[in-house]
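Close look at the chain arrangement
Below are the chains, spelled out letter by letter.
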Number of protein chains: 2
Amino acid sequence: MRIHEEHFTVDGVPAVRWTPDDSTTDPRPLVLIGHGGGQHKTAPAVVHRAHRFAASGFAAVAVDAPNHGDRPSDDRYQRIATEIRARADAGDDPAPLLADFQALVAAQTVPEWRAVLDHLDPGPVGYWGVSLGCGLGVPFVAAEPRVRAAVLGLGGASARAAVEAAARITVPVEFLVQWDDERVPRAQSLALFDAFGSAEKTLHANPGRHGDRLPEHELDSAVRFFTRHLTPPPH
Amino acid sequence: MRIHEEHFTVDGVPAVRWTPDDSTTDPRPLVLIGHGGGQHKTAPAVVHRAHRFAASGFAAVAVDAPNHGDRPSDDRYQRIATEIRARADAGDDPAPLLADFQALVAAQTVPEWRAVLDHLDPGPVGYWGVSLGCGLGVPFVAAEPRVRAAVLGLGGASARAAVEAAARITVPVEFLVQWDDERVPRAQSLALFDAFGSAEKTLHANPGRHGDRLPEHELDSAVRFFTRHLTPPPH
């Protein structure tokens, strides 16, 4: 199937939408993909997922986070990112600083992503994001009632704000854990899963470290998860 | 689809096979289902899964465990089962005694189930079993090279024998955890998942207590898991 890729900006924020080249009229269900730390909105892993979602009948959208992709570098974020790396290299736990950082960025991305949804006026919305995409995704999904299902993961309950936001999430959640994650302590991952307020939530754990490629069957699972929750059953 | 149900015995052990009423010639891939404690081989939950597997092109087989279903009651097992219930009712941890009990039963069921496979001479074999079906399934899957993939769960690493058997399992495993299991401590569940020697293993945790109905999407997932590992890809 041919996939159509369309770049656009909303209030100066660069975004991209992938849609299948078919005859479906909008609004179709949409999956917003949050990219990982240091990635571009068209990083290979993002495009791989976006194409798969589009080939399954969804629109997929990704937005450059501040200080990422086609956006200007931001000295404030740059300084904190450098500090986090230095702490990790020194063997200190970077989790508290990382959590503060993600909360700071989320205060900017939550309204930006909501503006992207306003601009697109989509059908039912899903959210997919791990690592930074989870740190920014939890407050977004908690704040945005158009999101009806979320795949999150590779993130932990390292800050009270994250736990409180997770507790406000009530839509179905599929939560990915890398069992040998060297950056997110396993107990913090399980605590974040515990914190979700959703009646339907499933934790999927697979062997692997933080940056390892997720198993392809997890993308299959995400497609079925979004199909189940964003696609109305046939009458 | 019509499902054919055929009862048979192997060396006096009662078993049942479900197959789709279609034109496929044997050997077709087979899923052996281990029933739960106190259940019959045709308990509603077993039949529900068996029909789903059969409708997906597998043969499904279930065998009455000793002291269960159509088999005579066994005073020795009966006494231990009574003792386990008494300990649990008294607030003691029944896990060590339960593990010893399951090891005792497995010493009988492993050769019985292997004899059932010898009798049926099937194609690739999968195993599905939770709770008692996990306690008996882990030593069976470890011992039986015809099993190429296993869905296990609602069981823990409560005994060294279970951990050692799990470590000998190298086929893909999908491992189910009830997140609010009041009978299997969460840490023991995670430890059993840790123990599997398989390079491909995925833990699926869902909210719920030990006896709660598993989410239907987990049966969907099991069908896809067995399809992935038991069905040769088309040439």
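First, a word on what this report is: a plain description of the structure on this page. Because the structure is a prediction, the values reported are computed rather than measured.

Analysis parameters
- Residues numbered from 1 in each chain as written.
- Chains lettered and ligands numbered in written order.
- Predicted model: local features only at pLDDT ≥ 70, side-chain atom pairs only at ≥ 80, totals over all residues.
- Heavy atoms only, no water.
- Helix = DSSP H or I, 4+ residues; strand = E, 2+ residues; numbered from the N terminus.
- Buried < 20%, exposed > 50% of the residue type's maximum accessible area, 1.4 Å probe, protein only.
- Contact = heavy atoms within 4.5 Å.
- Polar contact = N/O pair within 3.5 Å; in protein donor to acceptor, adjacent residues only side chain to side chain.
- Pairing = 2+ DSSP bridges.
- Right-handed = clockwise from strand over helix to strand, strands pointing away.

Take unusual backbone geometry next. All names here are of chain B. The backbone phi angle of Asp-11 is positive, close to 55 degrees, even though this residue is not glycine. For Asp-11, the location among the structural elements is in the loop between strand S1 (3-10) and strand S2 (13-20). Its identity as a non-glycine residue notwithstanding, Asn-67 has a phi of 65 degrees, on the positive side. As for its position among the elements, Asn-67 is in the loop between strand S4 (59-63) and helix H2 (75-89). The exposure class of Asn-67 is buried, given its relative accessible area of 19%.

All names here are of chain A. With respect to the helices and strands, His-68 occurs in the loop between strand S4 (59-63) and helix H2 (75-89). Residue class for His-68 comes out buried when judged on its relative accessible area of 13%. Separated by 28 residues in the primary sequence, His-68 and His-40 place their C-alpha atoms 6.1 Å from one another. Among residues more than four places away in sequence, those in contact with His-68 are His-35, Gly-36, Gly-37, Gly-38, Gln-39 and Leu-132. For His-68, the side chain forms a polar contact with the main-chain oxygen of Pro-66, separated by 2.9 Å.

Below, the discussion takes up the pairing of strand S7 (residues 173-178) of chain B. All names here are of chain B. Among the 6 residues of S7, 6 are classified as buried, and the element is accordingly described as predominantly covered. By the alternation rule, side chains of S7 split into Val-173, Phe-175 and Val-177 and Glu-174, Leu-176 and Gln-178, which are all buried. Inspection of the sheet shows strand S6 (residues 147-153) paired to S7 by 4 bridges, in the parallel sense. Of the residues in S7, the one forming a bridge with Leu-152 is Phe-175. A crossover connection joins S6 to the parallel S7 through helix H6 (residues 160-168); in handedness this β-α-β unit is right-handed. Of the strand pairs in this sheet, S7 and strand S8 (residues 201-206) are connected by 6 bridges, and their pairing is parallel. Directly across from Val-177, in S8, lies its bridge partner Ala-205. Note that the unit made of S7, helix H7 (residues 186-195) and S8 has a crossover that is right-handed.

Remember, this is a structural readout, not a statement about activity or role.
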